[in-house]
Amino acid sequence: MMRWAAIIAAAPLAWAQLGGTRDDWPHYGGLYSAWRYSELDQINQSNVKRLKVAWAFQTGDYDGGLQATPIVLDGVLYLSTAHNWVFALDAATGKVLWEYRYSLPSDVTTIYGPWNRGVAVGHGRVFMGTLDNHVVALDQRTGRELWRVNVEDARQCGCNITGAPLVVKDKVIVGVTAGDSAHRGYLTAFDVYTGRLAWRFWTIPGPGEPGNETWPGDSWKYGGGSTWMTGSYDAELNLVYWAVGNPAADFYGGDRRGDNLYTDSIVALDADTGKLKWYYQQIPHDVWDFDSAYECLLVDLPVDGRLRKLLLNPSKSGFTFVVDRETGEFLRAWPLVKHYNWIQGIGPKGELIGRNEPELEKPKFLCPSIGGGRSWNHGAYSPRTGWYYSVGLEWCQEVMAVKEEPVEGRPFFGGTFKWKHPPGEPAHSHLAAYDPLTGKRFWSYRYKYMLLASILATAGDLLFTGDPEGEFFALDARTGEKLWSFQTGSGHRGSPVTYRVNGRQFIATPSGFGSALAGSLGEIWPEFENYRKGSTLFVFTLPEEN
Amino acid sequence: MLWLALLVAQAGAPADEVARGEKIFAASCAVGYCHGAGGSAGRAPRIQGRSFTPEYLLKVTRDGIPGTAMPAWRGQLSEEELRAVVAYMLSISAHPAALPSGETRQEAAARPMPARVKTGRELFFDAVRGTRCGTCHALENWGVAVGPNLAAVRVRSIEELRRPPARSVKTARLASSEEFPALLVEQKDGWVRVYDLTVAPPVLRTVAANELGWREPARWDHAAFVRSYTDAELQAVLDYLRWLEPR
């Protein structure tokens, strides 16, 4: 009992920090700053070759793969699976402390597929969003359900919750999918204790609200703007940052002429009220399905001689945008990929130069593909190197816009696409080290398929990630040299973390290939048509000294 | 599993019918390990939370299912009592899916629908309102079944839509002295599940039975949840509900 009291009392302190994690992995992105960087260095370049499996945990929930970021607090690891099962495991041994299986209705539908990217833990509760669009709160000690709320009828909205919630103060903030459906997106905050709705931010303004004029007619009702990943939080500014997805219909913009706020934008919201403080729209009137959905990495760096609070957000467009997180002022944008032709470039004020849009009823070759110049699998930032590490995906598509009438809650793509190799070389990916401000590339690790797992950076100057062939590996954070590798038996689509229990550092990675992208890699590489599914957490540590 | 109290009907005369049906169900259908208290399933199938058409329920209740333990109640219950029991069973359907006419949603959509009814349906499920009727009531396989099946309880006026009797809503009081308007859903193994109706969407909360007390009546204002609708809009919703009723 004392042990639990200590966790609950200590936890808010850990959340208030920006930067690197230590013993725990308290939040989806590590800490609120989403660096996915740990200060632990027991495992480092000199000994990484000696890593051994400490334990493995098979969830038994294979369809959809294992895509979560585990949360670790005081020696307990919390893991969620594709169909909303939650396990609390002893982080040193893998022993099950409790498990919870959410009962999904038999008629639950997902237009993409089933998966879950993680839980949030705080105030003695474990929070999860579900495939049928509920939020549940479990007792952190026992896994017993405390409350659940149906955010919106999933049968009507065609939406799910697959992203991890974010606990900020006494609220749990949850996004929603359905950005490629006829649906109006939102972000919702619930009271952690009672489950009561605290605030809602509609990502598409309603009539009479500023920004609604960027949507003609009724297009605002069906304009997408999903919030399918997890945001960040700056406690000092009391702002929650969330990246908003693409407008719908994805490829046909003729019925939504205008900027389509706040799609493809970073929004900064007051954490207590959900009121918009500022926004920065990366792609006005997106017709490429280039969500700004991924991590909002918060870092303070000098820009032109002045230390500024920055927010770095890579997007599906293949570009990384850097803005001032106090004001939303655009500072920089730089490409993660070589192959892009949807624009020629981005000007000094963030303006898109030379837009190359899909055409009605006529196929057009565009790069990157809607799979993204990067998928959602997150990058990492190491304060030791000062570099941002991210995957880039080099691939293209033939896309054709088609006029489509919206039907509430149903897919609303407004076109079709077919994946293609880029000009002059086969599709491939790379994991590279970048200057976060300029995008200058220091090294690059090339891979013949698509890297679709998140990156973990540590103070041991190591990067950990996995590939679709099942290898989980470590790179030298300074050179990109591969130092260690372990075959887990199924591809990687989740997010590794690290933590320390009783003085020992552990590295944990989900293994288990799945997702919409995983399922369609076979379009380019036939060997992926029947990829091996899986859902296992592998946990590594150094052998005990004799 | 013991289902204690369920979503009881709200309107005047039809509510009486549902209440009468509840008594008959408790005495005739829930007993003997059959359908369980509140239709929560015993040896016989669960009624609560499933989707039936009134026609099917009436036929099975009246004629029984040959070759099974389901008896024919014709002769034992009057026609009026049979209808009351069916009205009750419809009121406890958590997903009152099919239209009372037995049509699917697609078939119903193909049926000529007066413009006002169509408007009423759109308003009932109006997604761009934070809170709409469908936030707490399900019809035609859409919406969330917390409150009663409004096609079965025969709401007669927009005033009833605003301020239904809502007799099953009570004030829950927790050991922490927190109080909130609540609907009892389930009691099991020392735990109680209640819908917290303080704000929309309702929250299904699980609390220890020994930490929960009840007070009547509830201080709860259904009209607050309906306030985004004008009189004319509520009239259209009413027209939609009437269109769904068995004819």
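Model, not experiment: these values are computed from the prediction.

Turning next to the overall build of chain B. On a plain count of helices and strands, chain B comes out with eight helices and five strands. Ordered by position from N to C terminus, the α and β elements of chain B give α-α-α-α-α-α-β-β-β-β-β-α-α. By residue count, 41% of the 247 residues in chain B fall in the buried class. Counting only contacts in chain B whose residues sit at least 6 apart along the sequence, the fraction spanning at least 24 positions is 65%.

To continue, consider the overall build of chain A. Each helix and strand counted, chain A has three helices and 38 strands in total. Taken against the 2.2 N^0.38 rule, which gives 24 Å for 546 residues, the C-alpha radius of gyration of chain A at 21 Å falls within 12% of a compact globule. Considering only C-alpha atoms, chain A reaches an extent of 70 × 55 × 55 Å along its principal axes. Sorting the 546 residues of chain A into buried and exposed places 59% on the buried side.

The next point concerns the sheet that holds strand β5 (residues 212-215) of chain B. As summarised here, the arrangement of the nine strands in space is β7(A)-β8(A)-β9(A)-β10(A)-β4(B)-β3(B)-β2(B)-β1(B)-β5(B), forming an open sheet in which the pairing is antiparallel. Pairing within the sheet leaves two strands with one partner each, and these edge strands are β7 (120-122) of chain A together with β5 of chain B. Each strand axis lies, on average, 35° off the axis of its neighbour in the sheet, ignoring direction. Bridge analysis of strand β10 (residues 145-150) of chain A against strand β4 (residues 203-208) of chain B gives three bridges, and the strand direction is antiparallel. Bridge assignment links A:W147 to a residue of β4(B), and that residue is B:R205.

Further remarks concern helix α8 (residues 231-244) of chain B. One full turn of an α-helix is made of 3.6 residues, so residues set three or four places apart face in the same direction. Its 14 residues place the ends of α8(B) 20 Å apart at the C-alpha level, agreeing with the 20 Å of an ideal helix rising 1.5 Å per residue. Buried positions along α8(B) lie against α5 (115-124) and α6 (158-162) of chain B.

Counting residues at the interface gives 17 residues for chain B and 20 residues for chain A. The greatest single-element share of the side of chain B that touches chain A, amounting to four residues, is contributed by β4(B). The residue inventory of the side of chain B that touches chain A, partitioned by class, reads nine nonpolar, six polar and two charged.

We now examine the nonpolar core. Soluble globular proteins: nonpolar side chains tend toward being buried together. One finds A:Y78, A:V119, A:V172, A:L463 and B:V237 to be the most contacted residues of the largest nonpolar core, which totals 223 residues. With eight residues, α8(B) is the largest single contributor of residues to this core. The contact partners of A:V119, leaving out residues within four places of it in the chain, are A:I71, A:Y78, A:S80, A:V86, A:V126, A:F127, A:M128 and A:A164.

With that settled, the discussion passes to the sheet that holds strand β36 (residues 497-501) of chain A. All names here are of chain A. Spatially, four strands are ordered β2-β38-β37-β36 in an open sheet, and the strand pairing comes out antiparallel. Sheet topology places β2 (52-58) and β36 at the edges, where each strand pairs with a single neighbour. The average undirected angle you get between the axes of adjacent strands in this sheet is 25°. Examined bridge by bridge, β2 and strand β38 (residues 536-541) share six bridges and lie antiparallel to one another. Each bridged residue has a counterpart across the sheet, and for Q58 the counterpart in β38 is T536.

Two quantities define a packed helix pair, namely the angle between the helix axes and the distance between the axes. All names here are of chain B. Put simply, helix α2 (residues 54-63) and helix α3 (residues 79-91) touch, their axes get as near as 10 Å, and they point 130° apart. For the element pair α2 / α3, the angle class is oblique. Judged by the sense of rotation from one axis to the other, the crossing of α2 with α3 is right-handed. In this structure, α2 contributes P54, L57, L58, T61 and R62 to the contact, and α3 contributes L82, V85, V86, M89 and L90. Residue composition of the contact of α2 with α3, by class: eight nonpolar, one polar and one charged.

Residues and elements named next belong to chain B. In contact at an axis separation of 7 Å, α5 and α8 are set at 105° when each is read in the N-to-C sense. Between α5 and α8, the angle falls in the class roughly perpendicular. Contacts between α5 and α8 involve R116, V117, T119, G120, R121, L123 and F124 from the first element and E233, A236, V237, D239, Y240 and W243 from the second. In the contact of α5 with α8, the residues fall into seven nonpolar, two polar and four charged.

Okay, the environment of A:N44 next. Residue and element names in this part refer to chain A. Tracing the sequence through the fold places N44 in the loop between β1 (37-38) and β2. Placed 419 residues apart in sequence, N44 and L463 show a C-alpha to C-alpha distance of 9.9 Å. Apart from the residues within four sequence positions on either side, N44 is in contact with G460, D461 and L462.

Let us look at unusual backbone geometry. All names here are of chain A. With an omega of -5°, the peptide bond between L261 and Y262 qualifies as cis. You can see Y262 is positioned in the loop between β16 (239-243) and β17 (265-270). Following C367, the chain continues into P368 via a peptide bond in cis, with omega recorded as -10°. With respect to the element layout, P368 can be found in the loop between β25 (364-366) and β26 (380-382). Positive phi outside glycine occurs at D74, with the angle close to 50°. Structurally, the position occupied by D74 is in the loop between β3 (71-73) and β4 (76-80). Judged by local crowding, D74 falls into the partly exposed class, with 17 C-beta atoms found within 10 Å. In this structure, H123 takes a positive phi of about 55° despite not being glycine. On the secondary structure map, H123 appears in the loop between β7 and β8 (125-129).

Residues and elements named next belong to chain B. With respect to the helices and strands, the residue G120 is situated in helix α5. Taking the C-beta count within 10 Å as the criterion, G120 has 24 such neighbours and is therefore assigned buried. For G120 and E216, which are 96 residues apart along the polypeptide, the C-alpha to C-alpha distance reads 33 Å. Apart from residues lying up to four places away in sequence, G120 is in contact with A236, V237, D239 and Y240.

The two faces of a sheet get side chains in turn, since along a regular strand they alternate between them. Residues and elements named next belong to chain A. As paired elements, strand β21 (residues 319-324) and strand β22 (residues 330-335) share five bridges and run antiparallel to each other. Residue pairing in the sheet places V323 in a bridge with F330 of β22. Here β21 folds back onto β22 in antiparallel fashion, the turn holding five residues, of which G328 has a positive phi close to 85°.

Moving on: the confidence of the model for chain A. Chain-level statistics for chain A give a pLDDT mean of 95 and a share of 97% at 70 or above. Ignoring residues within four places in sequence, the model shows residues 1-16 of chain A, a span with pLDDT below 50, making 14 contacts including any to other chains.

Residues and elements named next belong to chain A. In terms of strand pairing, β4 meets strand β5 (residues 85-90) through five bridges, oriented antiparallel. Of the residues in β5, the one forming a bridge with L77 is L89. Connecting β4 to the antiparallel partner β5 that follows it, the hairpin turn spans four residues, and N84 within it adopts a positive phi of roughly 65°. The loop that links β5 with its antiparallel partner strand β6 (residues 96-101) comprises five residues; one of these, G94, has a positive phi angle of about 85°.

Turning next to the environment of A:D139. Residue and element names in this part refer to chain A. Summarising the element assignment, D139 is placed in strand β9 (residues 134-139). Sequence separation of D139 and G124 is 15 residues, and the distance between their C-alpha atoms is 6.4 Å. Residues in contact with D139, not counting those within four places in the same chain, are R125, R144 and L146.

Calculation rules
- Residues numbered from 1 in each chain as written.
- Chains lettered and ligands numbered in written order.
- Predicted model: local features only at pLDDT ≥ 70, side-chain atom pairs only at ≥ 80, totals over all residues.
- Helix = DSSP H or I, 4+ residues; strand = E, 2+ residues; numbered from the N terminus.
- Buried ≥ 20, exposed ≤ 12 C-beta atoms within 10 Å, placed from the backbone.
- Contact = placed C-beta atoms within 7 Å.
- Rg over C-alpha atoms; globule rule 2.2 N^0.38 Å.
- Pairing = 2+ DSSP bridges.
- Axes fitted to C-alpha atoms, helices over the stretch in contact; angles between N-to-C directions.
- Expected span 1.5 Å × (residues − 1).
- Nonpolar A, V, L, I, M, F, W, Y, C, P; charged D, E, K, R; others polar.
- Core = buried A, V, L, I, M, F, W, Y, C linked by C-beta atoms within 7 Å.
- Parallel < 35°, antiparallel > 145°, perpendicular 65-115°, else oblique.
- Left-handed = near helix turned anticlockwise from the far one by under 90°.
- pLDDT = per-residue confidence, 0-100.

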